[in-house]
Amino acid sequence: MTWSDVIYLLPEVIITIGACLLLLAPVSGFRSTGSTAKWTMLVLLAMTAGSIFACSYLVENIDQTRMFASMFALDAFSIFFKLLFVVTIGMVVLLSDDFFRGSRYSPWEYYSLLAFALCGMMFMASGIHLAAIYVGLELMSLSSYILAGYYKNEQKSTEAAMKYFVLGAVSSAILLYGISLIYGVTGTLNLTGIARQMSTLVTNDALMFGIMMLAAGLCFKIAAVPFHVWTPDVYEGAPTPITAFLSTASKAAAFAIFARIFYVGIHHFRLDWQYVLAVIAALSMIVGNFAAITQDNVKRMLAYSSIGHAGYVLMGILAVSEMGLYGILVYSVVYVFATLGIWATVLVLERGEYAGEQVNDFNGLYKRAPYWAFAMIVFLLSLGGIPPTAGFIGKYFLFYAAVEAGFGWLAIIAVLMSAVSMFFYFRLVMAMYLKEGREATLPATNSLRFVAAVALIVTLLFGVLPSPLIDTARDSGRWVATRSAALVNGR
Amino acid sequence: MDHILNIITYIPLVGALLILFFVNKSNAHAIRFMATAVAVIDFLVSLVLWFNFDPNKLWQFEFKVPWIPSLGVDYHFGVDGIAILLILMTTFMGIIAIVSSYSAIHHREKEYYTLLLMLQTGMIGTFCALDFFLFYVFWEIMLVPMYFIIGIWGGARKLYAAIKFFLYTLAGSVLMLLSILALFFFNDGGIPFLNIAGLNNPATFSVLQFHEVGRLIPPDLQFWIFLGFFFGFAIKVPMFPFHTWLPDAHVEAPTAGSIILAAVLLKMGTYGFVRFALPILPDGTRQMLIPIAVLSVIGIIYGAFVSLVQKDMKKLVAYSSVSHLGFVMLGMFALNPMGIKGSVLQMINHGISTGALFLLVGMIYERRHTRMIADYGGIAKQMPMYAALFLIAALSSMGLPALNGFIGEFTILLGAANSTAYGTIAYAVFAAVGIVLGAAYLLWLYQRVFWGPLDNPANATLKDVNGRELGLMVALVVLMIWIGVYPKPLFDFIEKPVDYIVRKVDPGYFEKGPVTYPATPAAPAAHSEVAAK
């Protein structure tokens, strides 16, 4: 390790210092209620994004440059996700704007926690060592637990935080236990080291147990069945911008480490774990989408739908193929933006006299806010995977990967479940366009409009002209993909 | 000329956007005018295809640029005679649908005409696409506008009907997507896990490429791929037993929605079979031949019987569609030129005749706000012109000689009777029963609605058709008579494509010597791949 490597940590350093400053600002008596906190946070994010770009030019080998005793890597894969996280957190900050205006909760600690979570996610994206990944994951998770309970005087929020924390802690323990078993067998925590060791091993129970524990812990983070029960309650109880955060950035980060660990680290035993993940994926899609049908609360509906989406992404992970990995990258982008757009719409409704949480609150939205209603349709179609929205491209990759990997039955379940998912997505469309609602103008703010507009442009643009997104995903994922599979099928 | 298909496809979309952004929603008159103008322009432009058609070439007016190179997806448009006829019908029925809506739609007109035009773009694009990915995109794009047309302007159970239509079609089409993927894999590199060797051709979704390599696919796999297509297309057709969404959708949809649904959307399914399933998967076609023929015949007879007992005129016409589309499927799977020609022609005929019937039912519904047959009786006295037009449309639908339906059904029966693929005339015989039943339900409907005493006082003040309605119907009647008397120009259009399809699905067909239609079917053993296996 050389000290010059520290330069590559610049984004993490910046965001950590920034997070500390945000935390200290109110302590030192600086407690402005205006939008100072928001702008500070946005500037901080801009600096982080800039430094990520700078690092991507500084690094000598973009495919994989390892540092700090091979704990931390700066590669195209991590840069892709780091940028996605920064943009997503930026969107969440905009969603949270005026959430604190006139409320008794301080924005400073809130933004500070978001910044810490971002720092954790960036370490997750860059970690190539199970310990580093775990520390990043914990940093993100602990910040998320607090954020979920940020409305500490509200019962639902506190309840959500409590549930999230207890279950999350247990799952972390399981994850850690899995890591320790893998360490016990292979003698290393470095992903490439693990891969090397494993290729000399035959299947053994301790290892399988370790891998399953690892998978269980990660499945909790991405909310896959049967580790999903926390999701609806937490999504419902948490403040809506935090729900947006949990369902986008936090999930994408979990996808990133899931993919990296399983592609780079333990792909050797894929024939053993593929079927387990396939069953989990199938259950997630079936349970998530069918349970979502029965929900009248939009936040719970989207929680169940996000369980279904975790199932789709799992198809990309279990495929262990180039298309699978590119699919995960493409789908993360597509899913994050469509979901952010939906939360922006929900927040607009929450600002008005509506609670914004019931499907009925969307009644007649087309009349009061035609542009919002139209954008909402695009987001829902994208989540449902209907062309010409970007969601179709994302799903296409994942279906492709599943079929290519020989999981035709899983692909059949997946396509049928995406048809089922249209049933509840279209409940919202039905409410917005086919039912009449109250006549009240929607008090949209510019930040919410901005988030929705960005999400809409991304969703439509990458739906019609997906090539830039696909090429970026391809460039970013190539190293990880080829690493795991020079690979599985020699293609 | 390279861009002609793009122009035809996107004129309606551009028109829709113009209406959306530049016309005030309270100005219904301007909206209607704009929508009609766009539809008429689109139709006139599409006539270019008719006049510049080259009967000696198969694929024409092609336009191809890379779209998503990393996935092997091209933006590839191109049409043959079959697609041209269907596009012309789409643009023509688009005008009919829009003009017929003037008096039927009185709220949210801006959205209504915008959606109709967007739907138009989706439909034309589907017929133009020669790249499977592109085809799928357009295929799905059609769903959303139709969902709204049924869901917003529909009848009492519109929400149920709209979502049912949407989900049924979507469920079928996602399975079709998997079949498309399987074709892609086979052409590209195979699926090692399933021990399916591929051809290592460059990755592509080109339909023409699949036409070439499809028959190399092992028969087992062809069966599964065909099954995926079958679900996608058979639900759309709809074939018995996948037809249950159709009566709901038709009954609840506004008149224009029903016209478009019957005339064009149902043809998507049959078009899919004739364009993709048959030429690409000859073995799959053969394996599914008998089930499909049986389902078609069941559909013909079941649809006719159910029509017979309907109390609602619109539902009657809807079920008659199930019956008529059974004919189309039966002719197509005869796998001989006669059957497929009749099938393609019947697609057009059904669009015109059933479109006309829906239009007529819509007219009287606007006047009386009921479609129950029992509420009418003897209205021929009150509306003589309407009665005459209805009679022509009904006769055309039931297949009276000198009208269009006869040509199509007759050709189909001839093809089915002589089909070596079926090997028996039983299907044709049962289908002929369907024609008789067709005459029964339509004439009985006519008798109950138009003849007898005018005993319901509410009908005593009915007004006969006005100029606009008359114009629409005359246009349709002219087409019916023209196709009925002189169908040759249409046959010229489909001659070569049908020849191509038969060669693909049954490569040995023309080697058996001159094409004759023997009175008794030839022994199946003499016949190509059945024997080869």
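Cut-offs used in this document
- Residues numbered from 1 in each chain as written.
- Chains lettered and ligands numbered in written order.
- Predicted model: local features only at pLDDT ≥ 70, side-chain atom pairs only at ≥ 80, totals over all residues.
- Helix = DSSP H or I, 4+ residues; strand = E, 2+ residues; numbered from the N terminus.
- Rg over C-alpha atoms; globule rule 2.2 N^0.38 Å.
- Buried ≥ 20, exposed ≤ 12 C-beta atoms within 10 Å, placed from the backbone.
- Axes fitted to C-alpha atoms, helices over the stretch in contact; angles between N-to-C directions.
- Parallel < 35°, antiparallel > 145°, perpendicular 65-115°, else oblique.
- Contact = placed C-beta atoms within 7 Å.
- Nonpolar A, V, L, I, M, F, W, Y, C, P; charged D, E, K, R; others polar.
- Core = buried A, V, L, I, M, F, W, Y, C linked by C-beta atoms within 7 Å.
- Pairing = 2+ DSSP bridges.
- Expected span 1.5 Å × (residues − 1).
- pLDDT = per-residue confidence, 0-100.

Another aspect to go through is the overall build of chain A. Broken down by element type, chain A carries 19 helices and two strands. Since a compact globule built from 491 residues should have a radius of gyration of about 23 Å, the 21 Å found for chain A is in line with a globular shape. Expressed along its principal axes, the backbone C-alpha trace of chain A runs to roughly 70 × 55 × 40 Å. Taking all 491 residues of chain A together, the buried fraction comes to 63%.

Take the overall build of chain B next. A count of helices and strands for chain B gives 21 helices and four strands. Taken over C-alpha atoms, the radius of gyration comes to 23 Å for chain B, in line with the 24 Å a tight globule of 533 residues would show. C-alpha extents for chain B along the principal axes are approximately 70 × 55 × 40 Å. Counting the 533 residues in chain B, one finds 59% classified as buried.

Each pair of packed helices gets described by two things: the angle between the helix axes and the distance between those axes. Residues and elements named next belong to chain B. For the pair helix H17 (residues 404–417) and helix H19 (residues 467–485), interaxial distance at closest approach is 6 Å and the crossing angle is 40 degrees. With respect to each other, H17 and H19 are oriented oblique. Where H17 approaches H19, its residues Asn 404, Phe 406 and Ile 407 are matched on the opposing element by Met 480, Ile 483 and Gly 484. When its residues are assigned to classes, the contact of H17 with H19 shows four nonpolar, two polar and no charged.

Tallying the contact residues gives 28 residues for chain B and 28 residues for chain A. Looking at the side of chain B that touches chain A, the elements that each hand over two or more residues are helix H5 (132–141), helix H6 (143–153) and helix H7 (158–188) of chain B. Top contributing element to the side of chain B that touches chain A by residue count: H7(B), with 13 residues. Tallied by class, residues from the side of chain B that touches chain A come to 24 nonpolar, three polar and one charged.

One broad rule of soluble globular proteins: the nonpolar side chains tend to lie buried together. Residues and elements named next belong to chain A. Judged by nonpolar contacts, the single largest core of 410 residues is most densely connected at Phe 399 and Ala 402. Sorting elements by how many residues they give to this core places helix H13 (residues 322–351) first, with 21 residues. Beyond its immediate sequence surroundings of up to four residues, Ala 402 is in contact with Met 315, Ala 319, Phe 407, Leu 410, Ala 411 and Ala 414.

What follows deals with unusual backbone geometry. Cis geometry marks the peptide bond from Pro387(A) to Pro388(A); its omega dihedral reads 5 degrees. Here Ala223(A), not a glycine, exhibits a phi torsion of approximately 60 degrees, which is positive. Of note, Ala223(A) is situated in the loop between helix H8 (205–222) and helix H9 (230–237). At Phe61(B), a residue that is not glycine, the phi angle is positive and equals roughly 55 degrees. Here Phe61(B) shows up in strand S1 (residues 60–68). For Phe61(B), a count of 24 C-beta atoms within 10 Å translates into the label buried.

As a further point, take the pairing of strand S2 (residues 73–79) of chain B. All names here are of chain B. Taking burial as the measure, the seven residues of S2 include five buried ones, the bulk of the element. As paired elements, S1 and S2 share six bridges and run antiparallel to each other. Its bridge partner lying in S2, Pro 66 is registered against Asp 74. Where S1 folds back on S2, the antiparallel hairpin that results is connected by four residues, among which Gly 72 adopts a positive phi of roughly 75 degrees.

This brings us to helix H10 (residues 240–265) of chain A. The terminal C-alpha atoms of H10(A), which comprises 26 residues, lie 36 Å apart, in line with the 38 Å expected from a rise of 1.5 Å per residue. The buried fraction of H10(A) amounts to 26 of the 26 residues, a majority that puts the element mostly inside the structure.

Helix length check: helix H4 (residues 107–126) of chain A (20 residues) gives 29 Å between terminal C-alpha atoms against 28 Å at 1.5 Å per residue, within 8%. When you tally the buried positions in H4(A), you get 19 out of 20 residues, the bulk of the element.

Our next topic: the packing of helix H11 (residues 255–280) of chain B against helix H20 (residues 488–505) of chain B. Residue and element names in this part refer to chain B. In contact at an axis separation of 7 Å, H11 and H20 are set at 30 degrees when each is read in the N-to-C sense. As judged from the angle between their axes, H11 and H20 are roughly parallel. Within the contact between the two elements, H11 uses Val 274, Leu 278 and Pro 279 and H20 uses Ile 501, Lys 504 and Val 505. Within the contact of H11 with H20, the residues separate by chemical class into five nonpolar, no polar and one charged.

A few words now on the confidence of the model for chain A. Close inspection of predicted coordinates is inappropriate for parts of the model with low pLDDT. All names here are of chain A. Summary statistics for chain A give a mean pLDDT of 87 and a share of 94% for residues scoring 70 or more. Across chain A, the secondary-structure element scoring lowest on mean pLDDT is strand S1 (residues 65–67), at 72, and the one scoring highest is helix H5 (residues 130–148), at 93. Low confidence marks residues 486–491, where pLDDT is under 50. Its contacts with residues over four positions away, or in another chain, come to seven contacts.

Residues and elements named next belong to chain A. Inspection of the secondary structure assignment puts Val 93 in helix H3 (residues 76–96). Between the C-alpha atoms of Val 93 and Leu 74, which are 19 residues apart in sequence, the distance is 26 Å. Residues within four places of Val 93 in sequence aside, it is in contact with Lys 38, Met 41, Leu 42, Tyr 111 and Leu 114.

The next point concerns the confidence of the model for chain B. Looking at chain B as a whole, its pLDDT mean stands at 87, while 94% of the residues score no less than 70. Counted against residues more than four places away or in other chains, residues 520–533 of chain B, with its pLDDT under 50, gives 20 contacts.

What follows concerns the environment of Ile211(A). Residues and elements named next belong to chain A. Examined against the element boundaries, Ile 211 turns out to sit in helix H8. Residue Ile 211 is classed as buried on the basis of its C-beta count, with 24 C-beta atoms lying within 10 Å. Each C-alpha atom, one on Ile 211 and one on Asp 272, is 9.6 Å from the other, the two residues being 61 residues apart in sequence. With near-sequence residues (within four places) excluded, Ile 211 lies in contact with Gly 178, Ile 266, Phe 269 and Trp 273.

Next up on the list: the environment of Phe397(A). Residues and elements named next belong to chain A. Mapped onto the fold, Phe 397 is located in helix H16 (residues 390–404). Between the C-alpha atom of Phe 397 and that of Ala 169, which follows or precedes it by 228 residues, the distance is 33 Å. Ignoring sequence-local partners within four residues, the contact set of Phe 397 consists of Met 323, Tyr 326, Gly 327, Val 330 and Tyr 331.

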